[in-house]
Amino acid sequence: MPALTDAQVLDAVAGLVDPNTGKTYAASRAVKNLKIGDDSVTLDVVLAYPAKSQFERVKAEFEAALAPLAGGRAVSANVRSEIVSHSVQRGVPLLPGVKNIVAVASGKGGVGKSTTTANLALALAAEGARVGILDADIYGPSQPLMMGLAGQRPETEDGKHLIPVENHGVQTMSIGYLVDPDQAMVWRGPMVSQALQQLLNDTRWNELDYLLVDMPPGTGDIQLTLSQKVPVTGAVIVTTPQDIALLDARKGVTMFNKVGVPIIGLVENMAIHVCSNCGHAEHIFGEGGAARMAADFGVEVLGSLPLDIGIRLAVDEGRPSVVADPDGQVADIYKAIARRVAVKVGEKAQDFSAKFPKIVIQNN
């Protein structure tokens, strides 16, 4: 067999571009563990985001690029995802059992924030990630219903920590599991903040790659306290094209900027309605609002979703669109947004605080 060098192999795959990042795999340092034997060439392609649905395509792409120079050797590209912890606000320690926390916020209620949270979590789980949802809306918890877990109660093994309630492969925790559905939470801000921190810290999250926090609407004391005390990797802002929704969404962006939480991007809900009878498309809540806001703040529009009765029906039945119709158009949009969120998280600086030695000074 003709001689083959590492440089030749790396040069053969140097031009392959990851469509999810827009960068070459080489630039992203995804190509690892190259081995050239007498009868085989193997390498690993390690993606920084969950992408189980993409593995076969990437594998075929690499093996096709290497086949012409293999000289009769068997070619094998092993593709996998490796999710690591990324940097959070300065001075806020990471949460045990959770690598990355993504806040999903809106500034305004009624724009589909909780629906977006549920579907993004399910989309990330479908791509092979370990995912959880913290329902941070004390006054109006909706994740138990949306995730098909209404009436469930979390268990505890030690009387101190709660075991997340799981469905569709996603771990969840909500005040909705602990109180009667008809009970009004007549609490002031400090009590709500304390309750949320207890839900977050007293839940025994099981090795999550991503914890999505379904934030309550608004930008007041509760949201500010959470943003300052919860180790957030980044925030996704949900809005509609309507001017009144964009006004509050802008406040949400400003709040996160003040506390040092980077904005991952915007999700535009109810962007267009297509009549199920005649097919007429209409921008009921306006057009292009999220794009204009994104340009103003220098952030990205992660995706736009239609005003579709199917989305509402799916969450009311406890089977959000990503699991109710996994191959449907709406599910595809949510999956594309989830991949974009994961890619942008993967591009952030890693957090190495867990690897630092603990220094103890003793006076002997």
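Our structure's up above, just so we're on the same page.
Residues numbered from 1 in each chain as written. Predicted model: local features only at pLDDT ≥ 70, side-chain atom pairs only at ≥ 80, totals over all residues. Heavy atoms only, no water.

(A) Examining the overall build of the chain more closely. Across its full length, the chain carries eleven helices and 15 strands. Taking 21 Å as the expected radius of gyration for a compact globule of 364 residues, we find that the chain reaches 23 Å, a close match to that expectation. On the principal axes, the C-alpha backbone points of the chain span a range of 80 × 75 × 40 Å. Counting all 364 residues of the chain, 46% fall into the buried class. (Helix = DSSP H or I, 4+ residues; strand = E, 2+ residues; numbered from the N terminus. Rg over C-alpha atoms; globule rule 2.2 N^0.38 Å. Buried < 20%, exposed > 50% of the residue type's maximum accessible area, 1.4 Å probe, protein only.)

(B) Region of the structure containing helix H5 (residues 189–201). The first and last C-alpha atoms of H5 sit 18 Å apart over 13 residues, in line with the 18 Å expected at 1.5 Å per residue. Here H5 has its buried residues at Gly189, Val192, Ser193, Ala195, Leu196, Leu199 and Leu200. Buried residues in H5, looked at end-on, bunch into an arc of 165°, giving them a common side. Contact partners of the buried residues in H5: strand S7 (131–135), strand S9 (170–174), strand S10 (208–214) and helix H6 (221–229). (Expected span 1.5 Å × (residues − 1). Arc of directions from axis to C-beta. Contact = heavy atoms within 4.5 Å.)

(C) Examining the environment of proline 262 more closely. In this fold, proline 262 is placed in the loop between helix H7 (243–258) and strand S12 (263–268). It is 6.4 Å that separates the C-alpha atoms of proline 262 and alanine 235, two residues lying 27 residues apart in sequence.

(D) The sheet that holds strand S4 (residues 40–47), seen in detail. Pairing is mixed in the open sheet, where three strands are placed in the order S3-S4-S5. The sheet is open, and its two borders are formed by strand S3 (31–36) and strand S5 (74–81), each paired with just one other strand. Neighbouring strand axes in the sheet, compared pairwise and without regard to direction, differ in orientation by 10° on average. As paired elements, S4 and S5 share eight bridges and run parallel to each other. Within S5, the residue paired with valine 46 across the bridge is arginine 80. Packing against the sheet, helix H1 (residues 6–13) makes contact with S3 and S4, and its axis sits at approximately 135° to S3. (Pairing = 2+ DSSP bridges. Axes fitted to C-alpha atoms, helices over the stretch in contact; angles between N-to-C directions.)

(E) Unusual backbone geometry, seen in detail. Backbone geometry at arginine 29 places phi at a positive 60°, although glycine is not the residue there. Among the structural elements, arginine 29 can be located in the loop between strand S2 (23–24) and S3. For arginine 29, a relative accessible area of 68% corresponds to the exposed category. Notably, methionine 270 is not glycine yet its phi reads approximately 55°, a positive angle.

(F) Examining the pattern of salt bridges more closely. Applying the stated criterion across every chain, the model contains 15 salt bridges. Glutamate 82 is the partner of arginine 80 in a salt bridge, and the nearest nitrogen-oxygen pair spans 3.5 Å. Residue arginine 80 is classed as partly exposed on the basis of its relative accessible area, which comes to 33%. For glutamate 82, a relative accessible area of 40% gives the class partly exposed. Across the pair lysine 344 and glutamate 300 runs a salt bridge whose closest N-O atoms are separated by 3.5 Å. Taken together, the residues lysine 344 in helix H11 (residues 329–346) and glutamate 300 in the loop between helix H8 (289–297) and strand S15 (301–304) connect sequence positions 44 residues apart. Connected through shared salt-bridge partners, Asp44, Arg80 and Glu82 make up one network. (Salt bridge = Lys/Arg side-chain N within 4 Å of Asp/Glu carboxyl O.)

(G) Geometry of the packing of H7 against H8. The contact between H7 and H8 brings their axes to 11 Å, and the two run at 30°. Classified by the angle their axes make, H7 and H8 are roughly parallel. Considering the relative orientation of H7 and H8, their crossing is right-handed. For the pair formed by H7 and H8, the contact residues are Leu246, Ala249, Arg250, Val253, Thr254 and Asn257 on the first element and Gly289, Ala290, Met293, Asp296 and Phe297 on the second. (Parallel < 35°, antiparallel > 145°, perpendicular 65-115°, else oblique. Left-handed = near helix turned anticlockwise from the far one by under 90°.)

Keep in mind these values describe shape, not function.
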